[in-house]
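Here is what each chain is made of, one letter per residue.
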Amino acid sequence: MATAISELTTMRLGGPAREFAVATTSDELVSLVRDADESGTPVLLVGGGSNLVVGDQGFDGLVVKVETAGLEVSHDKLRVDAGVEWDRVVLTSLDAGLAGLETLSGVPGSTGATPIQNVGAYGTLTSDLLSELTVYDRETRVTRAWLPQECGFGSHRQSVFKHSDRYVILDVTFALDVSTTSKPIRYSGLADRLGIDVDGLAPVSEVREAVLQLRGERGMVLDSDDHDTWSVGSFFINPVLTQIPDKASESPTYPDPLGTKLPAAWLIQNAGFGRGYGKEWGTGSVALSSKHVLAVTNRGGATTAHVMAFAAHIREGVEKAFDISLGPECDLVNCRFG
Ligand SMILES: Cc1cc2nc3c(=O)[nH]c(=O)nc-3n(C[C@H](O)[C@H](O)[C@H](O)COP(=O)(O)OP(=O)(O)OC[C@H]3O[C@@H](n4cnc5c(N)ncnc54)[C@H](O)[C@@H]3O)c2cc1C
């Protein structure tokens with residue numbers, strides 16, 4: 001029986017995969033992709049499926065679940081295979097007496113996907129700690145070590161890997177501090193929760209607990225019993241603009257290398273879509289999270305078509321209110337809205 005992609009994604013969406021394979025070593029991952037490329041078979045890689053929405057028709061090609069499992073600590077370096085669950089990496093680093101990853105506790109998904117959208121949370125970005133990665137290039141068919149400067153990090157949630165299927169990330173190395181004390185806490189909400197000033201320090205174990213608490217309150221830690229977490233986290237990306245439309249002049253703004261970043265959550269909320277919006281819209285199977293307006297959630301029984309129609313509805317509302325068109329932060333495969 002064909003594998004249903006819905007079983008591989010945190011939104012529980014996506015039709016059947018024509019072919020399905022699991023890669024447990026980097027060599028196996030490269031051969032699966034290389035053989036598929038040679039036979040002209042499209043490939044879709046899946047890690048934790050937590051940033052991926054696939055169409056109801058599924059994927060007419062080979063879906064490869066990345067389950068490579070190597071994890072090596074050497075002094076202040078942590079080298080991790082792409083398939084290792086991200087939060088296990090955070091825990092392992094703290095247990096090994098290494099600081100740096102604590103604010104990224106609880107982010108779902110695999111380690112190999114963290115450079116793709118330069119995963120970030122509570123003031124830390126993957127690029128802050130990345131020292132090297134190994135990448136297979138499907139165009140040149142070469143595997144080599146990359147430095148962070150080659151990854152195109154800079155603008156919000158961007159890298160050369162985002163919205164491209166050219167590269168396969170095989171492993172990632174982080175350079176951390178040998179310490180049980182955190183890096184300076186830059187995010188004010190987290191500093192408040194820890195009872196310290198912004199830029200203050202705290203024991204890494206306390207930072208992890210505080211981050212997990214804050215994330216849990218916003219439905220940002222996976223919990224199969226809580227439909228608020230049947231999401232891709234932030235569905236819409238914070239727009240980066242070179243000119244802010246008059247209608248959006250009251251929005252908070254943040255500097256970005258490519259312009260000015262506006263919070264999509266503020267735009268959605270102020271366009272009239274509050275937490276939980278959508279339970280009475282359409283079929284009721286799709287709604288904004290009751291804890292966070294940036295998360296579009298499957299309330300049970302949703303299809304990708306429902307989610308796309310709902311996302312288009314939110315996008316239209318924001319466009320009407322602010323002359324700003326929201327795009328997806330997640331990867332859309334065989335589906336689109338607007
Ligand atoms: C509840 C929740 C909270 C979240 N919170 C955050 C957050 O705080 N910060 C944040 O930045 N993100 C957050 N996210 C988004 C998501 O967790 C991250 O983007 C994560 O890195 C995705 O990892 P994944 O393994 O699940 O990727 P997948 O969804 O499996 O894949 C995402 C994309 O990467 C590709 N891909 C996967 N593995 C590889 C590989 N080895 N090589 C090349 N391409 C690959 C896939 O083909 C796909 O295009 C959240 C998501 C959820 C559901």
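Residues numbered from 1 in each chain as written. Predicted model: local features only at pLDDT ≥ 70, side-chain atom pairs only at ≥ 80, totals over all residues. Heavy atoms only, no water.

Q: Could you give an account of the site of the ligand, naming the residues involved and the relevant values?
A: Around the ligand there are 33 residues in total, and Leu45, Gly47, Ser50, Ser110 and Asp331 lie nearest to it. Within the side chain of Gln117, an N or O atom sits 2.9 Å from an oxygen atom of the ligand. In the environment of the ligand, a nitrogen atom lies 2.9 Å from a nitrogen or oxygen atom belonging to the backbone of Ile169. Coverage of the ligand by the protein amounts to 93% of the 990 Å² it exposes when considered alone. (Near = heavy atom within 4 Å. Polar contact = N/O pair within 3.5 Å; in protein donor to acceptor, adjacent residues only side chain to side chain. Areas by Shrake-Rupley, 256 points an atom, 1.4 Å probe, with all protein chains shown as cover.)

Q: Give me the lowdown on the sheet that holds strand E5 (residues 71-74), citing residues and values where you can.
A: Here 5 strands make up an open sheet; going across it, the order is E5-E6-E12-E10-E11 and the pairing antiparallel. Edge positions in the open sheet fall to E5 and strand E11 (142-146), since each of these has one partner strand only. Sheet twist, expressed as the mean angle between neighbouring strand axes with direction ignored, is 15 degrees. Taken together, the 7 bridges between strand E10 (residues 130-137) and strand E12 (residues 167-175) define a ladder with antiparallel strand orientation. In the sheet register, Leu133 faces E12, and the bridge partner there is Val172. Docked against the sheet, helix H1 (residues 26-38) engages strand E6 (77-81), E10, E11 and E12, running at close to 155 degrees with respect to E12. The strands touched by helix H2 (residues 86-95) are E5, E6 and E12; relative to E5, the strand with the most contacts, the crossing angle is about 25 degrees. (Pairing = 2+ DSSP bridges. Helix = DSSP H or I, 4+ residues; strand = E, 2+ residues; numbered from the N terminus. Axes fitted to C-alpha atoms, helices over the stretch in contact; angles between N-to-C directions. Contact = heavy atoms within 4.5 Å.)

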